[in-house]
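Analysis of the macromolecular model
Single-letter residue listing:
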Amino acid sequence: MGLTVRVEKRIAKDFPGRDGQVVGELLAELVHHLTERGDREDKERIAAAALLCGRGRVDRILDAVQLAKEDWRDVLVGAGLEDHQTWRERLEADFGPAV
């Protein structure tokens, strides 16, 4: 499983050029890591949370990805996507509808 279309679009919007490629690779590697580890949580949600925590800075994305590898729940909290009742609505508001 790779990154979803809406996460890729958000990366392109927030990180034009080479930075976008780097961020995309970091988040794709995070998704792969979580998949290999057998985490059952929604990978798009975790990648989106790391992207939101980055707030447009590659160094913050690096920190968020490392944190997500250690405990993805911390990244969800940091991005405001931890609430099981509302995270889908928040994701749609920030990233657009799922394709």
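One can find the structure itself at the top, above this paragraph.
Residues numbered from 1 in each chain as written. Predicted model: local features only at pLDDT ≥ 70, side-chain atom pairs only at ≥ 80, totals over all residues. Heavy atoms only, no water.

1. Points about helix α1 (residues 5-14)
Condition: Three labels apply to residues, based on accessible area from a 1.4 Å probe with only protein chains included: buried if under 20% of the type maximum, exposed if over 50%, partly exposed otherwise in between. Strands here are runs of E lasting at least two residues and helices are runs of H or I lasting at least four, both read from the DSSP assignment and numbered beginning at the N terminus. In this description, one arc is meant: the one made by directions from the helix axis to the C-beta atoms. We call two residues in contact when some of their heavy atoms are within 4.5 Å.
Taken residue by residue, α1 has Arg6, Val7, Arg10 and Ile11 as its buried positions. Along the axis of α1, the buried residues cluster in a sector spanning 145 degrees; they form a single face. Summarising the geometry of α1, the exposed residues directed more than 90 degrees from the buried face are Lys9, Ala12 and Lys13. Turning to α1, the residues buried within the fold contact α2 (18-37), α3 (43-54) and α5 (87-95).

2. Focus on the packing of α2 against α3
Applicable threshold: In this description, a line fitted to the C-alpha atoms serves as the axis of each element, helices being fitted only across the stretch in contact, and the angle between N-to-C directions of two axes falls anywhere from 0 to 180 degrees. Throughout this description, any angle smaller than 35 degrees is read as roughly parallel, any larger than 145 degrees as roughly antiparallel, any in the 65 to 115 degree range as roughly perpendicular, and the remainder as oblique. Less than a right angle of anticlockwise turn of the near helix away from the far helix marks a crossing as left-handed, whereas a clockwise turn marks it as right-handed. Gly is put with the polar residues, along with every residue not named as nonpolar or charged; the nonpolar set is Ala, Val, Leu, Ile, Met, Phe, Trp, Tyr, Cys and Pro, and the charged set is Asp, Glu, Lys and Arg.
Look at α2 against α3: their axes get within 10 Å of each other, and the N-to-C directions meet at 140 degrees. What the angle tells us is that α2 and α3 run oblique. Every pair of crossing elements has a handedness; the one defined by α2 and α3 is right-handed. For the pair α2 and α3, the contacting residues are Val23, Leu27, Leu30, Val31, Leu34 and Thr35 in the first and Lys43, Ile46, Ala47, Ala50 and Leu51 in the second. Residue classes in the contact of α2 with α3 are distributed as nine nonpolar, one polar and one charged.

Such coordinate-based values are descriptive only and should not be taken to indicate function.
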